[in-house]
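Architecture at a glance
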Amino acid sequence: MSSTTTSPGYSTTQIGLHWLIAALVLFQLVFGESMVAVVDAAEEGEQASQTDILLSGGHYWVGIAILCLVAVRLVLRLTTGVRAKRPTTPIELAAVAMHWLFYALLFAVPVSGLMTLYVSEEIGDIHSLAKPVFIVLILVHAAAAFYHQFIVKDGTLRRMFVPRS
Ligand code: HEM
Ligand code: HEM
């Protein structure tokens, strides 16, 4: 998909959305267990702690915010694009695949969270896989960004801080 686009970098809005969504995902990963605590307490007819109730409310709305923001981001990505040339080497193709995998997860994980609450609690087991999957992908993605910036020195990390002109 990115092969059809021509502009060489990201806009200010795209960069802002990248880092805002990254921060919100981090919040979800760090405080997601409060949602588990509230769901478990409800199942056992117990009262969850005030902190868990507060954080689970945050989990709910931050998750929905991620879903909305990623929709905006995807529209921008598909309409304005980023890449100047068709990816050819295995590494370039892997980077493109990783980016689309992130987009897929940023939709699928909030949707599976909503389904856990409104369709079947059993989907919670699948939703909880978001934690290890996101952690591994974020580590690989960040390591790749640092490798490109500081070893290959091709300005990849800079692209996510300095908007295209
Ligand atoms: C990108 C967005 C999201 C991420 C990264 C995320 C991540 C997580 C994580 C890490 C947990 C804890 C898993 C564990 O410790 O085993 C969790 C639990 C949970 N999340 Fe999310 N979540 C997101 C969005 C949502 C949304 C939008 C909802 C619903 C509106 C939701 C509902 C839940 C529920 C109900 C649980 C408890 C599952 C259970 O008890 O098995 N999540 N989430
Ligand atoms: C939850 C965390 C993160 C998510 C979900 C995420 C997601 C993404 C996605 C989907 C793209 C592709 C953008 C596009 O082409 O439309 C991207 C690009 C990028 N990300 Fe992340 N990212 C995260 C964290 C990070 C971190 C921690 C770093 C750096 C330390 C980083 C550095 C970059 C860079 C440099 C690019 C541009 C790569 C290029 O254009 O070739 N990201 N990210």
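As a starting point, this report considers the structure included with it. (Residues numbered from 1 in each chain as written. Chains lettered and ligands numbered in written order. Predicted model: local features only at pLDDT ≥ 70, side-chain atom pairs only at ≥ 80, totals over all residues. Heavy atoms only, no water.)

1. So, the site of ligand 2
Where we set the bar: Think of it this way: one heavy atom of a residue within 4 Å of a molecule or strand is enough to make that residue near it. Two N or O atoms form a polar contact when they lie within 3.5 Å of each other; inside protein one atom must be a possible hydrogen donor and the other a possible acceptor, and for residues adjacent in sequence the pair counts only when both atoms belong to side chains. Helix numbers and strand numbers start at the N terminus; a helix is a DSSP run of H or I with at least 4 residues, a strand a run of E with at least 2.
Around ligand 2 lies a shell of 20 residues, among which Tyr10, His18, Arg77, Tyr103 and His141 are the nearest. Measuring from an oxygen atom of ligand 2, one finds a side-chain N or O atom of Tyr10 at 2.6 Å. Tyr103 is positioned such that a nitrogen or oxygen atom in its side chain is 2.6 Å from an oxygen atom of ligand 2. Those elements that place two or more of their residues in the shell around ligand 2 are α1 (12-43), α2 (50-80), α3 (90-118), α5 (130-152) and α6 (156-159).

2. A look at the coordination of the iron atom of ligand 1
What counts, and what does not: Sites may look incomplete because water is not among the atoms; the donors themselves are N, O and S atoms within 2.8 Å of the metal, or within 3.2 Å for Na, K and Ca. Geometry is assigned from the angles between donors: four donors with all angles from 85 to 135 degrees make a tetrahedral site, four or six donors whose opposite pairs exceed 155 degrees while the rest stay between 65 and 115 make square planar or octahedral sites respectively, and everything else is labelled irregular. For every residue, the accessible area (1.4 Å probe, protein chains only) is compared with the maximum for its type, and the residue is labelled buried under 20%, exposed over 50%, or partly exposed between those bounds.
Binding of the iron atom of ligand 1 to the protein goes through His59 (NE2) and His127 (NE2), at separations of 2.0 Å. With 6 donor atoms in place around the iron atom of ligand 1 and angles of 88 to 180° between them, the coordination shape is octahedral. Within this pair, whereas His59 is found in helix α2, its partner His127 is found in helix α4 (residues 123-128), the two being separated by 68 residues in sequence. Each of the two residues, His59 as well as His127, counts as buried.

3. Things to note about the site of ligand 1
As a reminder of what qualifies: Gly is placed with the polar residues, together with every amino acid not listed as nonpolar (Ala, Val, Leu, Ile, Met, Phe, Trp, Tyr, Cys and Pro) or charged (Asp, Glu, Lys and Arg).
Residues in close proximity to ligand 1 total 22 residues, the closest being Gln28, Glu33, Met35, His59 and His127. Here His127 contributes a side-chain N or O atom positioned 2.8 Å from a nitrogen atom of ligand 1. Here an oxygen atom of ligand 1 and a side-chain polar atom of Ser128 are 3.5 Å apart. Here the residues of the shell around ligand 1 are counted per class, giving 11 nonpolar, 9 polar and 2 charged.

4. Points about the coordination of the iron atom of ligand 2
The expected angle between donors at a tetrahedral four-coordinate metal is 109.5 degrees. At an octahedral six-coordinate metal it is 90 or 180 degrees. Those donors, His18 (NE2) and His141 (NE2), are the protein atoms that reach the iron atom of ligand 2, and they lie 2.0 Å from it. The site at the iron atom of ligand 2 holds 6 donor atoms, and with the angles between them running 86 to 179°, its shape is octahedral. Of this pair, His18 sits in helix α1 while His141 sits in helix α5, and the two are 123 residues apart along the sequence. A relative accessible area of 12% means that His18 is categorised as buried.

5. Points about the pattern of salt bridges
Test applied: We define a salt bridge as a contact between a side-chain nitrogen of Lys or Arg and a carboxyl oxygen of Asp or Glu at a distance within 4 Å.
Applying the stated criterion across every chain yields a total of 1 salt bridge. Between Lys131 and Glu33 there is a salt bridge, and its shortest N-O distance comes to 2.9 Å. Taken together, the residues Lys131 in helix α5 and Glu33 in helix α1 connect sequence positions 98 residues apart. A relative accessible area of 31% means that Lys131 is categorised as partly exposed.

6. Brief notes about unusual backbone geometry
Look at Lys153: it is not a glycine, yet its phi comes out positive at around 55°. Within the secondary structure, Lys153 sits in the loop between α5 and α6. With relative accessibility at 66%, the residue Lys153 sits in the exposed group.

7. Regarding α5
Basically, it comes down to this: Expected span, for any helix, means 1.5 Å times one less than how many residues it has. Contacts between residues were defined by any pair of non-hydrogen atoms, one from each residue, lying within 4.5 Å.
In this model α5 runs 31 Å from its N-terminal to its C-terminal C-alpha over 23 residues, within 8% of the 33 Å that 1.5 Å per residue would give. Those residues of α5 that sit buried are Ala130, Phe134, Leu137, Ala145 and Gln149. Buried residues along α5 sit against α1, α3, α4 and α6. One or two steps after α5, the chain reaches Lys153, where phi turns positive at roughly 55°.

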